[in-house]
Amino acid sequence: MEQKTKINAEDGKQELVITREFDLPLELLFKAYTEPELLEQWMGTKVLKLENKKHGSYQFETSHNGNVMFKANGTIHEFADNQKIIRTFEMENMPIGVQLEFLEFEQLTDDTSKLTMQIIYKSVEHRAEQLKLPFAYGINMAHNQLQETLNKIKYNGKEKKNCVLDYHRITLFFSARWHWTTISSKTDS
């Protein structure tokens, strides 16, 4: 079976360019990367912290049978709704080191969108360590899970033609949630 997520790893370079087209509206794809509840569903990890703003930070943790298997963290350097996220990414206890990630979100049609991720490593050797892992398989599996998870939300068990209202309800819910969080954080200051 062909992998839908494409990874371009040119020899002798410190970067990877990853692309994937999704059968999802741009806004919903972007929410998959910015809403903790959605991230947890498709990544299968616990979001400990997620501050979607310039100089914000995030922390993820995955456990199995009570043991922490994976921890990751980083800082968000730039955040533009439905356009891009620039962030660092570091997996704890891994020799790969800190990565710089440029995530760009692009609308293709009303119902399709594209994610392009450029990941820059400290060295060619650090990138080579990443590629020794089952990285291509893992990112394809994660993106497939993202598509499947958001299809359930997007269609809510109905035919596509009857789902526009559900999609707008979801968008309204997340917009209201974001607005309330923003107001609450301003009043807490």
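Residues numbered from 1 in each chain as written. Predicted model: local features only at pLDDT ≥ 70, side-chain atom pairs only at ≥ 80, totals over all residues. Heavy atoms only, no water.

Peer 1: Where do I start with the overall build of the protein in this structure?
Peer 2: When its secondary structure is counted, the protein shows five helices and eight strands. The order of α-helices and β-strands along the protein, N terminus first, is β-β-α-α-β-β-β-β-β-β-α-α-α. Split into buried and exposed, the 189 residues of the protein put 38% on the buried side. Taking as baseline every contact in the protein between residues at least 6 positions apart, the subset at least 24 positions apart corresponds to 48%. Accessible area of the protein: about 11300 Å², with a carbon and sulfur share of 52%. (Helix = DSSP H or I, 4+ residues; strand = E, 2+ residues; numbered from the N terminus. Buried < 20%, exposed > 50% of the residue type's maximum accessible area, 1.4 Å probe, protein only. Contact = heavy atoms within 4.5 Å. Areas by Shrake-Rupley, 256 points an atom, 1.4 Å probe, with all protein chains shown as cover.)

Peer 1: Help me understand the pattern of salt bridges, please; the structure alone is not making it clear to me.
Peer 2: It is possible for side chains bearing opposite charge to pair when their charged atoms get close. Counted by the stated rule, this structure contains seven salt bridges. Among the ionic pairs, E78 bridges to K84, the shortest N-O distance being 2.9 Å. A relative accessible area of 27% means that K84 is categorised as partly exposed. (Salt bridge = Lys/Arg side-chain N within 4 Å of Asp/Glu carboxyl O.)

Peer 1: Please clarify how the side chain of T112 should be interpreted in this entry.
Peer 2: Relative to the elements of secondary structure, T112 occurs in the loop between β7 (99–107) and β8 (113–120). Once residues lying within four places of it in the same chain are set aside, the contact partners of T112 are F22, D23, L24 and Q107.

Peer 1: Would you take a moment to explain unusual backbone geometry for this structure?
Peer 2: Across residues other than glycine, the phi torsion is negative in most instances, and most of the peptide bonds are trans. Phi angles above zero are rare outside glycine, and H55 is one such case at about 70°. By the secondary structure assignment, H55 is in the loop between β3 (46–50) and β4 (57–64). In this structure H55 comes out as exposed when scored by relative accessible area, which is 59%. Non-glycine residue N65 carries a positive phi angle of around 50°. Within the fold, N65 resides in the loop between β4 and β5 (67–80).

Peer 1: I would appreciate a short explanation of the packing of aromatic side chains in the present structure.
Peer 2: Where two aromatic rings form a pair, the distance of their centres and the angle of their planes describe that pair. All chains considered together, the criterion is met by five aromatic pairs. Here the aromatic rings of Y58 and F60 are separated by 5.0 Å at their centres, their planes lie at 40°, and the arrangement is tilted. Of the aromatic side chains, those joined through ring pairs into one cluster are F30, Y33, W42, F79 and F105. The ring centre of Y58 lies 5.4 Å from the NZ or CZ of R87, which sits over that ring. (Phe/Tyr/Trp six-rings, centres within 6.5 Å; stacked < 30°, edge-to-face > 60°. Lys NZ or Arg CZ within 6 Å of the ring centre and 35° of its normal.)

Peer 1: Can you walk me through the nonpolar core in this structure?
Peer 2: Within soluble globular proteins, side chains that are nonpolar tend to cluster in buried spots. Of all hydrophobic cores here, the largest spans 33 residues; its most connected members are Y33, F105, L115, M117 and L146. The biggest single contributor to this core is helix α1 (residues 26–34), with six residues. In this structure M117 touches L16, V17, I18, Y33, F102, L103 and I139, once residues within four positions along its chain are discounted. (Core = buried A, V, L, I, M, F, W, Y, C linked by side-chain atoms within 4.5 Å.)

Peer 1: What's the story with the sheet that holds strand β1 (residues 6–8) in this structure? I'm lost.
Peer 2: In any sheet, the strands associate via hydrogen bonds between backbone groups, in a parallel or an antiparallel arrangement. Read across the open sheet, the eight strands follow the order β1-β2-β8-β7-β6-β5-β4-β3; overall the sheet is antiparallel. One side of each edge strand has no neighbouring strand; the edge strands of this open sheet are β1 and β3. Taking the axes of each pair of neighbouring strands and ignoring which way they run, one obtains an average angle of 20° across the sheet. Looking at chain direction, β7 and β8 are connected through eight bridges and run antiparallel. By the bridge assignment for β8, Q107 is matched with S113. In this fold α1 packs onto β2 (15–22), β3, β5, β6 (84–91), β7 and β8, with an angle of close to 155° to the strand it touches most, β7. Packing of helix α2 (residues 36–43) onto the sheet brings it into contact with β3 and β4, and relative to β3 it is tilted by some 145°. (Pairing = 2+ DSSP bridges. Axes fitted to C-alpha atoms, helices over the stretch in contact; angles between N-to-C directions.)

Peer 1: Would you mind showing me how to read α1 here?
Peer 2: Residues separated by three or four positions in an α-helix point in the same direction, a consequence of the helix having 3.6 residues per turn. For α1, the buried fraction is high: eight of the nine residues fall into the buried class. Every buried residue of α1 is listed here: L26, L28, L29, F30, K31, A32, Y33 and T34.

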